[in-house]
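Tertiary structure, described
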Amino acid sequence: MAHLVTCVYCGKRFDRDKLPFQAVSARRYAHIECFKQEEAKQKKIEQDKENLEAYIMKLFGETYINARVRKQINTFIQEYDYTYSGIHKALTYFFEVKGNSIDKANGGIGIVPYVYKDAYNYYYSIWLANQKNEYVKPEDFVIPVREVHIPVPQRKVRQRKLFTFLDEEVEDE
């Protein structure tokens, strides 16, 4: 008798008698590989959350995350689909890269939706530059020497028109 079940994470059906599986709950199963990937993803999310909270505490000089900031973080994640690392990078971009004052924040992180896209573009351009220059060695780069000859400027002497009274007398006649 085949025990066909559906993997919770990838959605594919498999026979739990023939393939190794992990029981997620009482009646839900997953492939071992899918379970390990999901577990690793959850650990990364938790690590990102801890890093964000540590950064916010350091930024505001607090020993805890107040309810307002925690509510803002939850709102950004649920409504805007931001990530913990994205919020962290947006705050780093706004306060450290751009050099904005922490005093204007009033103890909150409400600036994140306004700078998130700019921070994304900033870090994406850094990533692109790193990818482009990954195999370039700085010592192999030789700056081409280009000689430019600038001619000596020639002084143009304007000849002044000579003025004589004789020309006027001739015209008057």
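Quick look at the structure, then.

1. What to know about the packing of helix α3 (residues 84-97) against helix α4 (residues 112-132)
- Relative orientation of the contacting elements α3 and α4 amounts to 90 degrees, with a least axis distance of 8 Å. Looking at the two axes, α3 sits roughly perpendicular to α4. Each of Gly86, Ile87, Lys89, Ala90, Leu91, Thr92, Tyr93, Phe94 and Val97 in α3 lies in contact with α4, whose residues at this interface are Val112, Val115, Tyr116, Asp118, Ala119, Tyr122 and Tyr123.
- Counted by class, the contact of α3 with α4 contains 12 nonpolar, 2 polar and 2 charged residues.

2. Here we look at the layout of surface pockets
- Reported here for the largest pocket is a volume of approximately 210 Å³.
- Lining of the largest pocket is provided by Ser85, Gly86, Lys89, Ala90, Tyr116, Ala119, Tyr120, Tyr123 and Tyr124.
- Within the residue set of the lining of the largest pocket, elements represented by two or more residues are α3 and α4.
- Take the lining of the largest pocket: its biggest share by element is 5 residues, from α4.

3. Some details on the pattern of salt bridges
- Under the defined criterion, the tally for this structure stands at 3 salt bridges.
- We note a salt bridge from Lys41 to Glu38, for which the minimum N-O separation is 3.7 Å. Placement of both Lys41 and Glu38 in helix α1 (residues 32-60) is noted, with a separation of 3 residues, approximately one turn of the helix.
- Residue classification places Glu38 among the buried residues on the basis of a relative accessible area of 19%.
- A salt bridge links Asp48 to Lys44, with the shortest nitrogen-to-oxygen separation between them at 3.3 Å. In this pair, Asp48 and Lys44 both sit in helix α1, 4 residues apart, roughly one turn of the helix.
- Lys44 sits in the exposed class, given a relative accessible area of 51%.

4. Some points on unusual backbone geometry
- Of note, Asp81 is a non-glycine position whose phi angle comes to about 60 degrees, a positive value.
- Among the structural elements, Asp81 can be located in the loop between α2 (67-79) and α3.
- Taking the relative accessible area as the measure of exposure, Asp81 reaches 63% and is therefore exposed.
- With a phi close to 55 degrees, Asn106 is a non-glycine residue in the positive phi region.
- Residue placement: Asn106 occurs in the loop between α3 and α4.
- Given a relative accessible area of 59%, Asn106 falls into the exposed group.

5. Observations regarding the environment of Arg146
- Of note, Arg146 is situated in the loop between α4 and α5 (165-172).
- Taking the relative accessible area as the measure of exposure, Arg146 reaches 74% and is therefore exposed.
- With 44 residues separating them in the primary sequence, Arg146 and Ile102 have C-alpha atoms 48 Å apart.

6. What to know about the nonpolar core
- Formed by 23 residues in total, the largest nonpolar core has its most connected members in Ile56, Ile73, Ile87, Leu91, Ile109 and Val112.
- Within the residue set of this core, elements represented by two or more residues are α1, α2, α3 and α4.
- The leading source of residues in this core is α3, at 7 residues.
- With residues near it in sequence (within four places) discarded, Ile73 still touches Leu52, Ile56, Tyr84, Ile87 and Ile109.
- The next biggest cluster of nonpolar side chains, apart from the first, holds 6 residues, and it includes Val5, Tyr29, Ala30 and Cys34.

7. Notes on α3
- Over its 14 residues, α3 runs 19 Å from end to end, which matches the ideal 20 Å to within 8%, given 1.5 Å per residue.
- Within α3, the full set of buried residues consists of Tyr84, Gly86, Ile87, Ala90, Leu91, Thr92, Tyr93, Phe94 and Phe95.
- Tucked into the core, α3 has its buried residues touching α1, α2 and α4.
- One or two positions beyond α3, positive phi appears at Gly99, with a value near 75 degrees.

So, how was this worked out
Residues numbered from 1 in each chain as written. Predicted model: local features only at pLDDT ≥ 70, side-chain atom pairs only at ≥ 80, totals over all residues. Heavy atoms only, no water. Axes fitted to C-alpha atoms, helices over the stretch in contact; angles between N-to-C directions. Helix = DSSP H or I, 4+ residues; strand = E, 2+ residues; numbered from the N terminus. Parallel < 35°, antiparallel > 145°, perpendicular 65-115°, else oblique. Contact = heavy atoms within 4.5 Å. Nonpolar A, V, L, I, M, F, W, Y, C, P; charged D, E, K, R; others polar. 1 Å grid on protein atoms, 1.4 Å probe; cavity = no way out; pocket = protein on both sides within 12 Å on 5 of 7 lines; lining within 4 Å. Points joined across faces, edges and corners; volume = space filled by probe spheres on them. Salt bridge = Lys/Arg side-chain N within 4 Å of Asp/Glu carboxyl O. Buried < 20%, exposed > 50% of the residue type's maximum accessible area, 1.4 Å probe, protein only. Core = buried A, V, L, I, M, F, W, Y, C linked by side-chain atoms within 4.5 Å. Expected span 1.5 Å × (residues − 1).

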